[in-house]
Amino acid sequence: MSAQRILVVDDEGNARRAIATILGEEGYEVAEASNGEEGLARLSDFSPAVVLTDVRMPKMDGLTFLQKAREQGSDATFIVMTAFASVETAVEAMRAGAENYLVKPLDANAVLVVLSKALEKRALKREAETLREQVRQRTRFHNIIGEAPQLQGIYEVVRRAASTRATVLILGESGTGKELIAQAIHQESQRRDKPFVKVHCAALSESLLESELFGHEKGAFTGAVARKEGRFELADGGTLFLDEIGEISPAVQVKLLRVLQQREFERVGGTQSLKVDVRIVAATHRDLVAEVKAGKFREDLYYRLNVVAVTLPPLRERKSDIPALVSHFLEKYSDAYGKDVRGLAPGTLQAMLSYDWPGNIRELENAIERAVVLAGGNELTTDDLPPVLRGPRPTNSSPSSLIPGATLAQIEREAILRTLEMVQGSTTRAAEILGISVRKVQYRLKEYGTGATGKPAAGSDPDEENPETDAASE
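Our subject in this report is the structure included herewith. (Residues numbered from 1 in each chain as written. Predicted model: local features only at pLDDT ≥ 70, side-chain atom pairs only at ≥ 80, totals over all residues. Heavy atoms only, no water.)

In spatial order, the strands read S2-S1-S3-S4-S5; together these five strands make up an open sheet with parallel pairing. In this open sheet, the two strands that pair with only one neighbour each are strand S2 (29–33) and strand S5 (100–104). For this sheet the average axis-to-axis angle between neighbouring strands, irrespective of direction, equals 20°. Judged from the four bridges that link them, strand S1 (residues 5–9) and strand S3 (residues 50–54) form a sheet pairing that is parallel. Paired with Val8 across the bridge in S3 is Leu52. (Pairing = 2+ DSSP bridges. Helix = DSSP H or I, 4+ residues; strand = E, 2+ residues; numbered from the N terminus. Axes fitted to C-alpha atoms, helices over the stretch in contact; angles between N-to-C directions.)

This part covers the sheet that holds strand S13 (residues 279–284). If you trace the five strands from one edge of the open sheet to the other, you get S9-S10-S13-S8-S14, paired in parallel fashion. Either end of the sheet is taken by a strand with one partner, and the two such strands are strand S9 (196–200) and strand S14 (308–311). Taken over all neighbouring pairs, the strand axes of this sheet differ in orientation by 15° on average, direction set aside. Most of the contacts of helix H6 (residues 149–162) go to S14, to which it runs at about 155°, and overall it touches S13 and S14. (Contact = heavy atoms within 4.5 Å.)

Before going further, it helps to examine the pairing of S1. Most of S1 sits out of view: four of its five residues are buried. Strand direction decides the pairing type here: S1 and S2, joined by five bridges, are parallel. Bridge pairing in S2 links Arg5 to Glu29. Handedness of the S1-helix H1 (residues 13–25)-S2 crossover: right-handed. (Buried < 20%, exposed > 50% of the residue type's maximum accessible area, 1.4 Å probe, protein only. Right-handed = clockwise from strand over helix to strand, strands pointing away.)

Listed as buried for helix H8 (residues 206–214) are Leu209, Glu210, Ser211, Glu212, Leu213 and Phe214. For H8, the secondary structure elements touched by its buried residues are S9, helix H9 (231–234), strand S10 (239–243), helix H10 (250–262) and strand S11 (264–265). Gly215 sits one or two residues past H8 and shows a positive phi near 80°.

To describe two helices that pack against each other, one gives the angle between their axes and the distance between the axes. As a packed pair, helix H2 (residues 36–46) and helix H3 (residues 62–71) sit with axes 9 Å apart at the nearest point and diverge in direction by 25°. Classed by the angle they form, the pair H2 and H3 counts as roughly parallel. Crossing angle aside, the handedness with which H2 passes H3 is right-handed. On H3, the residues that touch Gly36, Gly39, Leu40 and Leu43 of H2 are Phe65, Lys68 and Ala69. Per-class residue counts for the contact of H2 with H3 are four nonpolar, two polar and one charged. (Parallel < 35°, antiparallel > 145°, perpendicular 65-115°, else oblique. Left-handed = near helix turned anticlockwise from the far one by under 90°. Nonpolar A, V, L, I, M, F, W, Y, C, P; charged D, E, K, R; others polar.)

Okay, the environment of Asn109 next. One can find Asn109 in helix H5 (residues 108–139). In sequence terms Asn109 and Ile22 are 87 residues apart; their C-alpha atoms lie 9.9 Å from each other.

What follows is about the nonpolar core. Of all hydrophobic cores here, the largest spans 38 residues; its most connected members are Ile322, Met352, Trp357, Leu364, Ile368 and Leu380. Contributing elements (two or more residues each) for this core: helix H13 (322–336), helix H14 (348–353), helix H15 (360–374), helix H16 (408–422), helix H17 (427–434) and helix H18 (438–449). Per-element tally for this core: the top contributor is H13, with seven residues. Among the nonpolar cores identified, the runner-up in size contains 29 residues, and Val197, Val199, Leu288 and Leu305 belong to it. (Core = buried A, V, L, I, M, F, W, Y, C linked by side-chain atoms within 4.5 Å.)

What follows covers the pattern of salt bridges. Inspection of every chain in the model, using the stated rule, returns 31 salt bridges. Between Arg122 and Asp75 there is a salt bridge, and its shortest N-O distance comes to 3.6 Å. One end of the pair, Arg122, is in helix H5; the other, Asp75, is in the loop between H3 and strand S4 (77–83), and 47 residues separate them in sequence. Here Lys440 ties to Glu412 by a salt bridge, and the two come within 3.7 Å at their closest N and O atoms. (Salt bridge = Lys/Arg side-chain N within 4 Å of Asp/Glu carboxyl O.)

Turning next to a nonpolar patch on the surface. Side chains of Tyr337, Val373 and Leu374 sit close together on the surface and give an oily, nonpolar patch of about 270 Å² of accessible area. On the secondary structure map, Val373 appears in helix H15. (Patch = residues over 30% accessible without salt bridge, like charges linked within 9 Å, V, L, I, M, F, W, Y side chains within 5 Å. Areas by Shrake-Rupley, 256 points an atom, 1.4 Å probe, with all protein chains shown as cover.)

H17 packs onto H16 with a crossing angle of 125° between their chain directions and a minimal axis gap of 9 Å. By the angle between their directions, the pair H16 and H17 is classed as oblique. Our pair here, H16 against H17, has a crossing hand that is right-handed. In this structure, H16 contributes Ala415, Ile416, Thr419, Leu420 and Met422 to the contact, and H17 contributes Thr427, Ala430, Ile433 and Leu434. Taken together, the residues of the contact of H16 with H17 break down into seven nonpolar, two polar and no charged.

Another aspect to go through is unusual backbone geometry. Residue Pro105 is bonded to the preceding Lys104 through a cis peptide linkage, with omega at -5°. Checked against the element boundaries, Pro105 lands in the loop between S5 and H5. One non-glycine residue with positive phi stands out, namely Glu244, at about 55°. Along the chain, Glu244 turns up in the loop between S10 and H10. Phi is positive for Asn360, close to 60°, though the residue is something other than glycine. Mapping Asn360 onto the fold places it in helix H15.

Encoded structure:
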């Protein structure tokens, strides 16, 4: 492990060299500067972990030096040095972001103790940031959050299909994240540097949708005062996402089929055939097979769209992902509204797991945004949730208050739910901490979501049924 770098900034040469000598003998890599201006120059080329700086110096004092360093983006830990008469200034420096202060004349042991604690705190902070990033990366695929087995299969299909030009049809209920999957397909493809163009087919009338997709010539209809390029032209070389494809009219279906077959079209009111290189990704919440049988959707168009099909599971079938989603939305809206809401009170996660979320992820996101807006403290409570989610108040406020008087199943449930909150909803990380399999965590979350008491039926424990499988999954 390389030596930690320490920058000593002090206009008193003898004192500066004495500190540098002591730190060098302790194994630190040390650089020196005689004032704040020199210190700023050394920050960029030396990149110290800790800066020991005097408060009173010519040219640039220690407080200004600290402020300038932060403006430049330095993340070095600052420890200020001051005489007894300037302790107030040192306190002011700590308010500005300094970690600690030392009073002159310096005691060598005090310097080493304060420095050691500062480095230890810095290491813990970085370790926590690394862990949070690992959790985020483990549970996200192009901003898609989830570890459920159904999603892992979808991620694999996206990776395999993305590199081709095959048309992809994304199926699923409203609010399940179909647009995110479409974006992931584009980002995983060789077209990622080209446009990703979206059209919400249900939001436009037949005439407007035709004009949006294919463009129009000047004078094609009343109000067409100039030529307009359509979404197919704008997406040339990239990806065109047709959301709610099941809502388009038969006339537009015919024109879309021609584009898929021949890769050419005409603008509305035009006669010139235009060729484009566009990858089509379509999505719908409708059952297109049923729509075909009812004569509402062309069978030939359905087969053209259904080259690669992806069906997104509703949230009620992947409840093990709710903790991670809640953590993500909690962070998102806490930052958006400038509130320090970073956790859940006991019973809040249980209430969300017990609900079936007919609006899926979109409904969950709206519920968390509402809760953050209404939250009066730094934890969300069941009172902050929409009325449909509110259940009875929990009688126990912490895991320790469960003991004695609780069943092992109740203690296990509390341990799993609170651990998930701590690791931002990652079932994989929670399983590692708890010393159980990921499958068991997911099984328990599914069980809690059905309103179970936490006491499994005989023989229903997944680890007891097949311990070898669980060992492999860990």
